[in-house]
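Given next are the chains, with one letter for each unit.
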Amino acid sequence: MTAAPVLDPQRTALVLVDLMDRVVALPLEPRKGTDVLATAEHLAAAFRGAGAPVVLIRVERPSVPEQPPGSGLVAGLCREGDLEVVKRTVGGFQGTELDERLRERGIRTLVFGGIATNLGVESTARAAADLGYDLVFVEDAMAALTAPEHEASVRLDFPRLGTVVSAADLTFARD
């Protein structure tokens, strides 16, 4: 991991991917979904406290009459003022208004967490990089179905797209 950038709360958003009951409950590595959720909740509180937006992305299966149980965001995660985005693909930008909604707010840096590291998080991050956002990845706010999948994203892919940090390393610029 490299040194965490000092974040401008007016230009930075926290992006949390697929923190839904049915996803958090999966057998995950290198940490449990409940551990990812606890770190994500801590990050969300810090971002809200700094006046930075929190984006919560969740997936819905296309072309099914009813979503599986546990398809909503974990209870209490979404707060007033947060931006909730429903995706129907692996990544959070395709077919959604996420980019437009971030640009309306003047956001230039995205800080990522969620499940699964190598699927929803990485797919969303790759699209964000293509769109010109600066990226920060919070390693301890992510997990995957296997530790090698998580590690491949965190050690090989994410450093090519942005900065990998731990939650404890994030700081906001003061006015």
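Residues numbered from 1 in each chain as written. Predicted model: local features only at pLDDT ≥ 70, side-chain atom pairs only at ≥ 80, totals over all residues. Heavy atoms only, no water.

1. Observations regarding the nonpolar core
Heads up, the rule is: Residue types Ala, Val, Leu, Ile, Met, Phe, Trp, Tyr and Cys, when buried and joined through side-chain atoms within 4.5 Å, form a set referred to as a nonpolar core. Buried means the residue's accessible area, taken with a 1.4 Å probe over protein chains only, is under 20% of the maximum for its type, while exposed means over 50%, and partly exposed covers the values in between. Secondary structure elements are taken from DSSP: a helix is a run of H or I of four residues or more, a strand is a run of E of two residues or more, and numbering for both begins at the N terminus. Two residues form a contact once any of their heavy atoms are found within 4.5 Å.
Of all hydrophobic cores here, the largest spans 33 residues; its most connected members are Leu14, Leu19, Phe47, Val111, Ile115, Val138 and Leu170. Sorting the residues of this core by element identifies strand S2 (12-17), helix H1 (21-24), helix H2 (33-50), strand S3 (54-59), strand S5 (109-115) and strand S6 (134-143) as the ones contributing at least two each. When residues of this core are assigned to their parent elements, the largest contribution, six residues, is made by H2. Residues in contact with valine 111, not counting those within four places in the same chain, are Leu7, Thr12, Ala13, Leu14, Val15, Phe47, Val136, Val138 and Leu170. Residues Ile57, Ile107, Tyr133 and Val164 belong to the second largest nonpolar core, which totals 23 residues.

2. Some thoughts on the packing of aromatic side chains
Threshold: Each Phe, Tyr or Trp ring (for Trp, its six-membered ring) is paired with any other whose centre lies within 6.5 Å, and the angle between the two planes then decides the class: stacked below 30 degrees, edge-to-face above 60, tilted in between.
In total, this model carries four aromatic pairs according to the counting rule given. Seen from their ring centres, phenylalanine 112 and phenylalanine 137 are 5.8 Å apart, and the 20° between their planes marks the pair as stacked. One end of the pair, phenylalanine 112, is in strand S5; the other, phenylalanine 137, is in strand S6, and 25 residues separate them in sequence. Their ring planes at 5° and their centres at 3.9 Å tell us that phenylalanine 137 and phenylalanine 158 sit as a pair that is stacked. One end of the pair, phenylalanine 137, is in strand S6; the other, phenylalanine 158, is in helix H5 (residues 147-161), and 21 residues separate them in sequence. With relative accessibility at 0%, the residue phenylalanine 137 sits in the buried group. You can call phenylalanine 158 buried: its relative accessible area is 0%. Clustering of aromatic rings is evident, with ring pairs tying together Phe112, Phe137 and Phe158.

3. Let's talk about the environment of serine 166
Note the following rule: Polar contacts here mean pairs of N or O atoms no more than 3.5 Å apart (in protein, one a potential hydrogen donor and the other a potential acceptor; neighbouring residues in sequence count only if both atoms are side-chain atoms).
Here serine 166 is to be found in the loop between strand S7 (163-165) and strand S8 (171-172). Between the C-alpha atom of serine 166 and that of valine 138, which follows or precedes it by 28 residues, the distance is 5.1 Å. Within the structure, serine 166 has its side chain in polar contact with the side chain of aspartate 169 (distance 2.9 Å).

4. Brief notes about unusual backbone geometry
Cis geometry is found at the peptide bond from glutamate 29 to proline 30, where omega equals 0°. Tracing the sequence through the fold places proline 30 in the loop between H1 and H2. The omega angle of the peptide bond from isoleucine 115 to alanine 116 is 0°, so this bond is cis rather than trans. The phi torsion at aspartate 18 lies on the positive side, around 55°, for a residue other than glycine. Owing to a relative accessible area of 7%, aspartate 18 belongs among the buried residues under this scheme. Look at serine 63: it is not a glycine, yet its phi comes out positive at around 60°. A residue is classified by how much of its surface remains accessible, and serine 63, at 79% relative accessible area, is exposed.

5. Considerations on the sheet that holds S5
The criterion, for reference: Two strands pair if DSSP finds at least two bridges between them. Angles shown run from 0 to 180 degrees and are taken between the N-to-C directions of axes, each axis being a line fitted to C-alpha atoms and, for helices, limited to the stretch in contact.
Judged by pairing direction, the sheet is parallel, and its six strands sit side by side in the order S4-S3-S2-S5-S6-S7 without closing on themselves. Single-partner strands in this sheet number two, and they are strand S4 (83-87) and S7. The mean angle between the axes of side-by-side strands here comes to 25°, regardless of whether they run parallel or antiparallel. Bridging between S5 and S6 involves six bridges; their strand directions are parallel.

6. Description of the side chain of glutamate 60
Looking at the element boundaries, glutamate 60 is found in the loop between S3 and S4. Residue classification places glutamate 60 among the buried positions, given a relative accessible area of 17%. Looking at glutamate 60, its side chain comes within polar contact range of the side chain of arginine 58, at 3.0 Å. Other than its neighbours up to four places away in sequence, glutamate 60 contacts Gln67, Val86, Lys87 and Arg88.

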